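Remarks on the overall topology
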Amino acid sequence: MSAVQSISGKGHAANAATYDVVVVGAGFAGMYMLHRLRKQGLSVRVYEQGGDVGGTWYWNRYPGARCDVESMQYSYSFSDELQQQWDWSERYAPQPEILKYANHVADRFKLRPDIQLGTRVDSAAFDERAGVWSVTTSDGKTVTAKYVVLATGCLSNARMPDIEGLSDFKGQVYHTGHWPHEQIDFTGLRVGVIGTGSSAIQSVPVIAEQARHLTVFQRTANFSIPARNAALTPEERDSFRSNYPELRRIAREESRNGIVQELPDRGALEDGDNVRRAKYETRWTRGGLTFMGVYNNLVLDKAANDTAANFVRDKIAQIVSDPSTAKLLQPDNHPIGAKRICVDTDYYATFNRANVTLVDIRSNPIERILPYSVRTAGKEGIRDYEVDALVLATGFDAMTGSVAKIDIRGRNGLTLNAKWAEGPRTYLGLMSAGFPNLFIITGPGSPSVLSNMIVSIEQHVDWIADCIATMRHRGLDTIEAGKDAEDRWVAHVNEVAQGTLYPQANSWYMGANIPGKPQIFMPYIGGVGVYRQICNDVAAKGYEGFVLTGAERQRAAS
Ligand code: NAP
């Protein structure tokens, strides 16, 4: 029996369509959630505001966009047939290929009939009497569901900067996180890129090849490691495929970040200068995010961290010919890795091109945008940089932004935004007290953005699906985070973060990129293996720390 019948028995609005579960978002999280729940015989409706599936890979279509986790690892593991049959072309798949993969998954598992595209969820209110959520959508409809799962993504709420005069600009303005679907050709144009995070670092080299002139406006220099992207050979693919069960297990259970890599057995200061430099050189040559895995204390000990940061600063000085440009590109205000490390193809070398200029907007902030230029004012006086097009690579209201856009009301009409006004509060990143039967996938308080997202997504989806199955089996009505357990978890997440160098950077992990956003370290740094074990233990102990309500009808009946 589907819960459609069990819920309708409570006399809820007869004309509202009723589902067991409403899922918000059809990215990698929402799609797998739908697949799992449907297999359990549940009725599920997925709402997706984009025009197609793929989430972040649907929106982030900027030039040069590709994953910074290797594709053989940044891919679903739930279907062995899928992972054996899908051919990734490159070490780091480009965005169009990842989007193609998302579409393939939607078709292969026949997900589309239960996904409503082009539809935003505007509000969700918990009806205490009926014990269901009432969900309203941008097409003016209201549906009810026993459970709501927020699969809204951590980096899906593109942030427009508050720069005066932006609306007066006469050329085209693009945001990397909301890129148009048609091909954008910058040939012959003077382009300005504002921001130097991962999105800019990927797009700058590509735009530089097209544009007549490219001006990059940098407020904070970031550390970037070469990707060393290359075509995957059949042998490389086969080596993964034949070892997938073990590799996926290691990623889930033993790794800190959901990526299989050699685990360091020592700290940076335990090696002498020459050995240390040789180890950094090996990882630099290999490329990618695993650079930070050379030693086990790089995000814990500032002196250790300095050795890695200095290595990268030296590399920048070697690559960039103009010493003052090199100096500007050398990050100097945060430990390496305390902000998400970037992975690039020829980023630093791009500043050797005659058609590329780097502007330091820390010393000379952007004063305003004029119809045909960007005006800076500071140490160097007033300067106008003429541009025909602007690319805003200014990031996202991360982790909470897309949840905050939905008017979510739990018990006693409490809104999630009011509850999270001082920063997000969750138990295990999965639920928030006062909001029964509302789950969050890779929410704040879980490893989430500090990990290979697909590993964390699959873990959360499996946990939530098992939880809902248990609820049904035991005839329970609601599950919600207990207030005490939530307080302890929030304190634990903070305590772990404070023991690292992460809080020393003004990063989006801290909410520091959004004026007025409370500065709280949002993801859980304990590591995906440790975190998975905690979640499993909680479930095994009858969902310890959660409050479960409802008669154990089935047991009583039997
Ligand atoms: P981001 O890391 O938040 O970078 C935003 C950039 O814009 C920063 O340089 C920031 O400077 C600048 N900025 C923001 N507001 C500004 C303003 N008003 N004036 C001038 N500069 C401003 O955003 P992102 O590059 O889009 O990356 C976000 C995250 O998305 C990454 O950390 C990563 O997790 C993910 N991502 C992943 C990939 C991948 O897998 N390959 C690619 C892209 C993004 P400040 O630092 O001074 O604030």
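Structure first, text after, so check above.
All of the points below concern the structure found in this document. (Residues numbered from 1 in each chain as written. Predicted model: local features only at pLDDT ≥ 70, side-chain atom pairs only at ≥ 80, totals over all residues. Heavy atoms only, no water.)

Considerations on the overall build of the protein
Where we set the bar: Secondary structure is summarised from DSSP: a helix means a run of H or I of at least four residues, a strand means a run of E of at least two, and numbering begins at the N terminus for each. C-alpha atoms define the radius of gyration, and 2.2 Å times the number of residues to the power 0.38 defines the globule rule. Contacts were defined at the residue level, with two residues in contact if any of their heavy atoms lie within 4.5 Å. Methods summary: accessible areas were calculated by the Shrake-Rupley approach with a probe of 1.4 Å, and residue burial reflects only the protein chains presented. In this tally, Asp and Glu contribute negative charge and Lys and Arg positive charge; neither His nor the terminal groups of the chain are included. Lys charges are placed at NZ, Arg charges at CZ, Asp charges at CG and Glu charges at CD.
Each helix and strand in the protein was counted, giving 17 helices and 20 strands. Its C-alpha atoms give the protein a radius of gyration of 24 Å, near enough to 24 Å, the size a compact globule of 558 residues would have. A principal-axis box enclosing the C-alpha atoms of the protein has dimensions of 80 × 55 × 45 Å. Of all intrachain contacts in the protein linking residues separated by at least 6 positions in sequence, the fraction that spans at least 24 positions is 72%. Carbon and sulfur atoms make up 49% of the accessible area of the protein, which totals about 22800 Å². Here the protein carries 60 positive and 62 negative side-chain charges, and the mean point of each set is 2 Å from the other.

Some thoughts on the site of the ligand
Spelled out, the test is: Throughout, the term near means that a residue has one or more heavy atoms lying within 4 Å of the molecule or strand in question. In protein, a polar contact means a hydrogen-donor-capable atom and an acceptor-capable atom, both N or O and within 3.5 Å, with residues adjacent in sequence counting only if both atoms are side-chain atoms; elsewhere, any N or O pair within 3.5 Å suffices. All residues other than Ala, Val, Leu, Ile, Met, Phe, Trp, Tyr, Cys, Pro, Asp, Glu, Lys and Arg, Gly among them, are scored as polar; the first ten of these are nonpolar and the last four charged.
Surrounding the ligand, one finds 25 residues, the nearest of these being Arg66, Thr196, Ser199, Gln202 and Thr220. Backbone polar atom of Thr196 to an oxygen atom of the ligand: 2.9 Å apart, as the coordinates give it. With respect to the ligand, the side chain of Ser199 contributes an N or O atom lying 2.6 Å from an oxygen atom. Considered on its own, the ligand offers 910 Å² of accessible surface; in the complex 87% of this is hidden by protein. In terms of residue count, helix α6 (residues 198-210) provides more of the shell around the ligand than any other element does, three residues in total. A class-by-class count of the residues in the shell around the ligand yields nine nonpolar, nine polar and seven charged.

Thoughts on the packing of helix α7 (residues 234-254) against helix α16 (residues 528-540)
Counted only if it meets this: All axes are obtained by fitting lines to C-alpha atoms, using only the stretch in contact for helices, and the reported angles, taken between N-to-C directions, cover 0 to 180 degrees. When an angle is under 35 degrees it counts as roughly parallel; over 145 it counts as roughly antiparallel; between 65 and 115 it counts as roughly perpendicular; any other value is oblique.
At their nearest, the axes of α7 and α16 sit 5 Å apart, and the two run at 75 degrees to each other. Viewed along their axes, α7 and α16 adopt a mutual orientation that is roughly perpendicular. Contacts between α7 and α16 involve Ala251, Arg252 and Glu253 on the former and, on the latter, Val528, Gly529 and Arg532. Residues of the contact of α7 with α16, tallied by class, amount to two nonpolar, one polar and three charged.

Remarks on the packing of aromatic side chains
Put simply, the test is: Two rings belonging to Phe, Tyr or Trp (six-membered ring only in the last case) form a pair when the distance between their centres is within 6.5 Å. Interplanar angles under 30 degrees mark stacking, angles over 60 mark edge-to-face geometry, and anything in between is tilted. Type-normalised accessible area, obtained with a 1.4 Å probe on protein chains alone, sets the label of each residue: buried when under 20%, exposed when over 50%, and partly exposed for intermediate values.
Using the criterion set out here, one finds 38 aromatic pairs in the structure. Between Phe240 and Tyr244, the aromatic rings sit 6.1 Å apart at their centres with planes inclined by 50 degrees, giving tilted as the arrangement. On the criterion of helical spacing, the pair formed by Phe240 and Tyr244 is a turn pair, its members being four residues apart in helix α7. With relative accessibility at 17%, the residue Phe240 sits in the buried group. Through successive ring pairs, a cluster of aromatic residues spans Phe28, Tyr32, Trp57, Tyr74, Tyr76, Phe78, Trp86, Trp88, Tyr101 and Phe109.

Some words on the nonpolar core
To keep things clear, this is the line we draw: Residues grouped as a nonpolar core are buried Ala, Val, Leu, Ile, Met, Phe, Trp, Tyr and Cys residues, joined through side-chain atoms within 4.5 Å.
Counting 130 residues, the largest nonpolar core has Phe28, Phe291, Phe439, Trp463 and Phe546 as the members making the most contacts within it. Among the elements that take part in this core, helix α14 (residues 453-473) stands out by supplying 10 residues, more than any other. Not counting residues up to four positions away in its chain, the partners in contact with Phe546 are Tyr427, Leu428, Met431, Trp463, Ile479, Glu480, Ala481, Gly482 and Val538. Among the nonpolar cores identified, the runner-up in size contains 21 residues, and Val24, Val143, Val403 and Phe435 belong to it.

A closer look at the pairing of strand β12 (residues 356-360)
Put simply, the rule reads: Note on pairing: DSSP must find at least two bridges between two strands before they are called paired.
For β12, the buried fraction is high: four of the five residues fall into the buried class. In terms of strand pairing, strand β9 (residues 213-218) meets β12 through five bridges, oriented parallel. Each residue of the ladder has a partner; that of Val216, found in β12, is Leu358.

Comments concerning the sheet that holds strand β14 (residues 373-378)
Sheet strands line up and pair through hydrogen bonds in the backbone, either parallel or antiparallel. Across the sheet, three strands lie side by side as β13-β14-β15; this open sheet has antiparallel pairing. Pairing within the sheet leaves two strands with one partner each, and these edge strands are β13 (366-370) and β15 (381-386). Strand-to-strand twist in this sheet, taken as the mean axis angle between neighbours without regard to direction, amounts to 20 degrees. In this sheet, β14 lies alongside β13 in antiparallel orientation, the contact comprising four bridges. Following the sheet pairing, Ile369 is matched in β14 by Val374.

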